[in-house]
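Listed below are the residues making up each chain.
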Amino acid sequence: MMLRRRYLQHLMLVISLVFLTLLGLQIVERQHQKAINDAIKLLQSPRLVDASKIDLTEPELQFAYAHHLQQRGMFEDAVDAYGKAERLSSPAMLKLVYYNMGNLYLQQAIETAEKMGIDRATALADVAKDLYKSALKNDPEFWAAKYNYEAAQRLSRDLPLGDLKDSGEAQESSEELWSAMPGFPLGLP
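Let me begin by describing the structure that accompanies this report. (Residues numbered from 1 in each chain as written. Predicted model: local features only at pLDDT ≥ 70, side-chain atom pairs only at ≥ 80, totals over all residues. Heavy atoms only, no water.)

Here we take up the packing of aromatic side chains. A full pass over the atoms with the stated rule returns five aromatic pairs. On the numbers, 5.3 Å between centres and 85 degrees between planes, the contact of phenylalanine 75 with tyrosine 105 is edge-to-face. In this pair, phenylalanine 75 sits in helix α3 (residues 75-88) while tyrosine 105 sits in helix α4 (residues 91-114), placing the two residues 30 residues apart along the sequence. Here phenylalanine 75 matches tyrosine 105 in class, with each residue buried. Put simply, the rings of Tyr99, Tyr132 and Phe142 touch in pairs and so form one group of aromatic residues. (Phe/Tyr/Trp six-rings, centres within 6.5 Å; stacked < 30°, edge-to-face > 60°. Helix = DSSP H or I, 4+ residues; strand = E, 2+ residues; numbered from the N terminus. Buried < 20%, exposed > 50% of the residue type's maximum accessible area, 1.4 Å probe, protein only.)

Now for α4. With 24 residues, α4 extends 35 Å from end C-alpha to end C-alpha; this agrees with the ideal 34 Å at 1.5 Å per step. Methionine 116 sits one or two residues past α4 and shows a positive phi near 70 degrees. (Expected span 1.5 Å × (residues − 1).)

Here the focus is the nonpolar core. Counting residues in each nonpolar core, the largest one holds 42 residues, and the members touching the most others are Tyr82, Tyr105, Leu106, Tyr132 and Ala145. Elements represented by at least two residues in this core include exactly α1 (2-43), α2 (59-71), α3, α4, α5 (118-138) and α6 (143-155). The dominant element in this core, judged by the number of residues it contributes, is α4, at eleven residues. (Core = buried A, V, L, I, M, F, W, Y, C linked by side-chain atoms within 4.5 Å.)

Okay, the packing of α5 against α6 next. It is at 9 Å that the axes of α5 and α6 come closest, and there the two elements cross at 160 degrees. What the angle tells us is that α5 and α6 run roughly antiparallel. Seen from above, α5 lies across α6 with left-handed handedness. For the pair α5 and α6, contact is made by Thr122, Ala125, Lys129, Tyr132, Lys133, Ala135 and Leu136 and by Ala145, Lys146, Asn148, Tyr149, Ala152, Gln153 and Leu155, respectively. (Axes fitted to C-alpha atoms, helices over the stretch in contact; angles between N-to-C directions. Parallel < 35°, antiparallel > 145°, perpendicular 65-115°, else oblique. Left-handed = near helix turned anticlockwise from the far one by under 90°. Contact = heavy atoms within 4.5 Å.)

Below, the structure is given as structure tokens:
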């Protein structure tokens with residue numbers, strides 16, 4: 001009887017310790033999530049936030065910081081920040097990183113095309129298309145990436161190569177090639 005009571009006391013002690021340990025881990029995790037949420041709220045402010053004020057080792061915060069830079073028109077810095085977020089991100093978050101990077105490049109391509117920098121706009125649109133393809137590899141049902149990929153296609157078409165002749169010369173036919181005219185159509189055909 002005494003042995004059984006001692007056994008129950010030890011069992012209750014072990015259960016209590018396990019419960020307190022789990023409770024402590026939950027409290028630490030909650031504080032961690034609160035710190036991430038506070039940093040994201042800081043990044044939503046209208047002023048530029050210095051990178052030293054937030055913990056950029058967290059993939060969520062690196063992603064939010066990259067978006068913060070993108071919203072302020074800092075293209076090169078945003079590209080660097082998205083690149084860092086790509087290295088830190090989980091596969092589930094990777095599609096969002098690629099999608100936002102694609103949006104960043106597509107936005108630059110459109111702005112460049114409006115200034116008549118057609119060659120640079122085409123190159124930027126090609127990078128955007130590659131990033132949208134990467135997002136779609138991670139999630140083939142990602143509708144927004146499909147839509148923006150089609151928008152990037154309007155700036156830079158992937159031209160089919162066609163069959164090359166044995167003589168080394170390729171004859172072009174308007175029926176075999178897509179229109180390579182950059183820009184968005186202005187009306188109905």
